[in-house]
Amino acid sequence: MAAQVRVGVQAIVRAGDRVLLGLRANTFGDGTWGLPGGHLEVGESLAGAACRELAEETGLRALGTRVACVTDPDPAANHHMQVGVEILDFTGEPRVLEPERCLRWEFWPLDALPDPLFVGSAGVLRSIRDGALHLP
């Protein structure tokens, strides 16, 4: 059976030099820390998918977005390419809205990210941390 390339979206939510990560549970990547995100659905824009996933998972409402990076499909991530979508501003406080899939949300300094990172978020976070993205 041939593998298919899939598209995931990762919402990059920042508070100063910190980025929002959730501790995954009972799903692919159990026990790892990842950005809010998920699969791009048919007929959905990249920004729309990031906003939807962000709201579904954290209750945050995005007030502007921009595509920030794209990663190559990774066999370790089930051949998903990830699109990092920067959330330019947001309203609300992060809440755990899917307790069966995420234990908690925390803002982490980019120079002290938790370990282990979710394979789907690692490339996007590396782009931010290594300066490939010059986010304000």
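The structure reproduced in this document is the subject of the present report. From a predicted model like this one, the values you see are computed outputs, not experimental measurements.

1. A short note on the packing of aromatic side chains
Then, in step 1: Scanning the entire structure with this criterion turns up two aromatic pairs.
Then, in step 2: Each ring, one from F28 and one from F118, has its centre 5.8 Å from the other, and the planes form 80°; the classification is edge-to-face. In this pair, F28 is assigned in the loop between β3 (18-24) and β4 (33-34) and F118 in the loop between β10 (102-109) and α2 (119-129), connecting sequence segments 90 residues apart.
Then, in step 3: Between the aromatic rings of W33 and W108, the centroid separation amounts to 5.2 Å while the plane-to-plane angle is 70°, which identifies the pairing as edge-to-face. Remark: W108 occurs in strand β10 and W33 occurs in strand β4; sequence separation between them is 75 residues.
Then, in step 4: Cation over ring: R24 sits above F118, and NZ or CZ is 3.7 Å from the ring centre.

2. With respect to the side chain of R14
Then, in step 1: Mapped onto the elements, R14 comes out in strand β2 (residues 14-15).
Then, in step 2: E86 provides the closest opposite charge to the buried, salt-bridge-free R14, at an N-O distance of 6.0 Å.
Then, in step 3: Within the structure, R14 has its side chain in polar contact with the backbone oxygen of G16 (distance 3.3 Å).

3. Notes on the pattern of salt bridges
Then, in step 1: For the coordinates displayed, the defined rule picks out six salt bridges.
Then, in step 2: Between R52 and E53 there is a salt bridge; the shortest N-O distance is 3.1 Å.
Then, in step 3: By relative accessible area, R52 is classed as buried at 19%.
Then, in step 4: Judged by its relative accessible area of 9%, E53 is buried.
Then, in step 5: We note a salt bridge from E86 to R66, for which the minimum N-O separation is 2.5 Å.

4. With respect to the sheet that holds strand β7 (residues 65-70)
Then, in step 1: Strand order in the open sheet formed by four strands is β5-β1-β8-β7, with mixed pairing between adjacent strands. The open sheet terminates on both sides in strands that have one partner only, identified here as β5 (37-39) and β7. For this sheet, the mean inter-axis angle between neighbouring strands, taken without regard to orientation, is 25°.
Then, in step 2: Where strand β1 (residues 6-12) and strand β8 (residues 80-87) come together, seven bridges link them in parallel fashion. The partner of A11 across the bridge, within β8, is V85.

5. Quick look at the environment of G37
Then, in step 1: Among the secondary structure elements, G37 is positioned in strand β5.
Then, in step 2: Given the relative accessible area of 13%, G37 is considered buried.
Then, in step 3: Sequence spacing of G37 and E57 is 20 residues, and the spatial spacing of their C-alpha atoms is 8.0 Å.
Then, in step 4: Contacts of G37, omitting those with residues within four sequence positions, involve V9, Q10, E53 and E57.

6. Quick look at the side chain of E53
Then, in step 1: Secondary-structure assignment places E53 in helix α1 (residues 46-58).
Then, in step 2: When residues no more than four places from it in sequence are discounted, the contact partners of E53 are V9, G37, G38 and H39.

Parameters and conventions
Residues numbered from 1 in each chain as written. Predicted model: local features only at pLDDT ≥ 70, side-chain atom pairs only at ≥ 80, totals over all residues. Heavy atoms only, no water. Phe/Tyr/Trp six-rings, centres within 6.5 Å; stacked < 30°, edge-to-face > 60°. Helix = DSSP H or I, 4+ residues; strand = E, 2+ residues; numbered from the N terminus. Lys NZ or Arg CZ within 6 Å of the ring centre and 35° of its normal. Buried < 20%, exposed > 50% of the residue type's maximum accessible area, 1.4 Å probe, protein only. Lys, Arg positive; Asp, Glu negative; His and termini not counted. Salt bridge = Lys/Arg side-chain N within 4 Å of Asp/Glu carboxyl O. Polar contact = N/O pair within 3.5 Å; in protein donor to acceptor, adjacent residues only side chain to side chain. Pairing = 2+ DSSP bridges. Axes fitted to C-alpha atoms, helices over the stretch in contact; angles between N-to-C directions. Contact = heavy atoms within 4.5 Å.

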